[in-house]
Amino acid sequence: MTTLLAPTPDAIARAADMLKNGGVIGLPTETVYGLAANANDGEAVARIYTLKDRPQFNPLIVHVASVEQARELVDFNAFAEELANAYWPGPLTFVLPRKKGSPVSELVSAGLPTIAIRCPSHPVAQSVLKACGLPLAAPSANRSGRPSPTSPQHVVAEFGDALPIVLAAGASHIGVESTVVDLTGETPVLLRHGAITAQMIANVLSHDVIDSTLLEDGVKPRSPGQTLKHYAPRLPLRLRAVDVAADEALLAFGKTTFMGVRGGGHAKNLPADRIRNLSENGDLYEAAANLFGHLRQLELSDAKGIAVMDIPDTGIGTAIRDRLERAAGER
Ligand code: TXA
Ligand code: MG
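What counts, and where the lines are drawn
Residues numbered from 1 in each chain as written. Chains lettered and ligands numbered in written order. Predicted model: local features only at pLDDT ≥ 70, side-chain atom pairs only at ≥ 80, totals over all residues. Heavy atoms only, no water. Pairing = 2+ DSSP bridges. Helix = DSSP H or I, 4+ residues; strand = E, 2+ residues; numbered from the N terminus. Phe/Tyr/Trp six-rings, centres within 6.5 Å; stacked < 30°, edge-to-face > 60°. Axes fitted to C-alpha atoms, helices over the stretch in contact; angles between N-to-C directions. Parallel < 35°, antiparallel > 145°, perpendicular 65-115°, else oblique. Left-handed = near helix turned anticlockwise from the far one by under 90°. Contact = heavy atoms within 4.5 Å. Buried < 20%, exposed > 50% of the residue type's maximum accessible area, 1.4 Å probe, protein only. Arc of directions from axis to C-beta. Core = buried A, V, L, I, M, F, W, Y, C linked by side-chain atoms within 4.5 Å.

### As for the sheet that holds strand β14 (residues 248-252)
For step 1, the next point in the chain: The strand order across the open sheet formed by 4 strands is β12-β17-β14-β16, and the pairing between neighbours is parallel. Strand pairing shows two members of the sheet lacking a second neighbour, β12 (237-238) and β16 (275-277), which therefore form its edges.
For step 2, the next point in the chain: Inspection of the sheet shows β14 paired to strand β17 (residues 305-308) by 4 bridges, in the parallel sense. When the sheet's bridge partners are listed, Ala-249 is paired in β17 with Ile-306.

Below is the structure:
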């Protein structure tokens, strides 16, 4: 049985004990829910890969309580100092060289000489990190390839009884995974879009940032996870839809007044289980927070596919588009 635990001091102590003993728990963060285990314990990390059915060449993010703790694991550099000052704790992950003698298990970084590291701002994640005193490896708590979980119920839906406890802290505030930026070279390289945009990073560093998602395949830097099919619900997605086919569900954004159903009818009259709106007011932050939950709801309908309205390519909208394009197999 999976137990959903309200994050009381007792529950946090229990979670910390499990982590110290090699266990895996469901952990809320401000981006999405994670599957957390002691990053220094290879066997515990192996349990994460098994649970997720994740290919072992795809490395995990290490979560820490503070910059001081990060310095024990990776070589912090000037870029990292400046970005940590501006955005930690928060939804920004740095790829940095593994520090000599770093206790982090090699399995976490899948044999790479670098480690992805972030300091989450969610108060429950912070309490757990402090209570166990360990760095925590935590990928998103979904089976490999599926949409990320943004509620404790999503985590249970993915793992059922295979996961003994999930700390339940309601809906994830941001709803898309952290921005990942590689800081190992002369120019920072954005590996994954998130709430912190390339422009925000460039502004803090007063330095160019390369957006690797815009590069040709042959010259793309290595972020193993970004090459895989990802975030996909059980139904196929059709992006930039301007109408809905009779057998489709609709993932809307903004007003649907002009969306028609092919063969007659209006999108606004679709059966309730066939339509979800990411944000009726066109608010991109609201849309990000709703994205994965709405996909999970629509995949339960009897539709044959999901038509998705276009999302503006600005701010966190870039991250939403990225997730949708990968889910649709366009990247
Ligand atoms: O918001 C998040 O980052 C969530 C929450 C739970 O913190 N975690 C998350 O982890 O999204 P995951 O494992 O689903 O995604 C980690 C991404 C993958 O694309 C992986 O390939 C990349 O980070 N990554 C990890 N270590 C890396 C490294 N050393 N070099 C390049 N990319 C790396
Ligand atoms: Mg993931």
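From this point on, the discussion continues.
### Regarding the packing of aromatic side chains
For step 1, the next point in the chain: Taken as a whole and judged by the stated rule, the model has 4 aromatic pairs.
For step 2, the next point in the chain: Ring pairs connect the aromatic residues Phe-76, Trp-88 and Phe-94, which therefore count as one cluster.

### Digging into the packing of helix α8 (residues 284-298) against helix α9 (residues 317-327)
For step 1, the next point in the chain: At a minimum axis distance of 9 Å, the contact between α8 and α9 shows a crossing angle of 25°. Classed by the angle they form, the pair α8 and α9 counts as roughly parallel. Handedness of the α8/α9 crossing: left-handed. Residues Leu-284, Ala-287, Ala-288, Leu-291 and Phe-292 of α8 form the contact with α9, whose own contacting residues are Gly-317, Ile-320, Arg-323 and Leu-324.

### Let's talk about helix α6 (residues 152-159)
For step 1, the next point in the chain: Three or more residues of α6 are buried, namely Pro-152, His-154, Val-155, Glu-158 and Phe-159. Buried residues of α6, seen end-on, are gathered within an arc of 155° and therefore sit on one face of the element.
For step 2, the next point in the chain: Packed against the buried residues of α6 are β1 (3-5), β3 (34-38), α2 (42-52), β8 (165-167) and α8.
For step 3, the next point in the chain: A positive phi of about 50° marks Gly-160, the residue just after α6.

### Digging into the nonpolar core
Note that soluble globular proteins tend to have their nonpolar side chains buried in a common cluster.
For step 1, the next point in the chain: Counting 46 residues, the largest nonpolar core has Trp-88, Phe-94 and Ile-117 as the members making the most contacts within it.
For step 2, the next point in the chain: Residue assignment for this core shows that the elements contributing at least two residues are β3, α2, α4 (78-87), β5 (92-97), β6 (114-118), α6 and α7 (198-205).
For step 3, the next point in the chain: Excluding its chain neighbours within four sequence positions, the residues that come into contact with Ile-117 are Ile-61, Val-62, Val-64, Ala-70, Leu-73, Val-74, Trp-88, Leu-92, Thr-93, Phe-94 and Leu-96.
For step 4, the next point in the chain: Core analysis: the second largest hydrophobic core is formed by 27 residues, Val-176, Leu-278, Ala-287 and Phe-292 among them.

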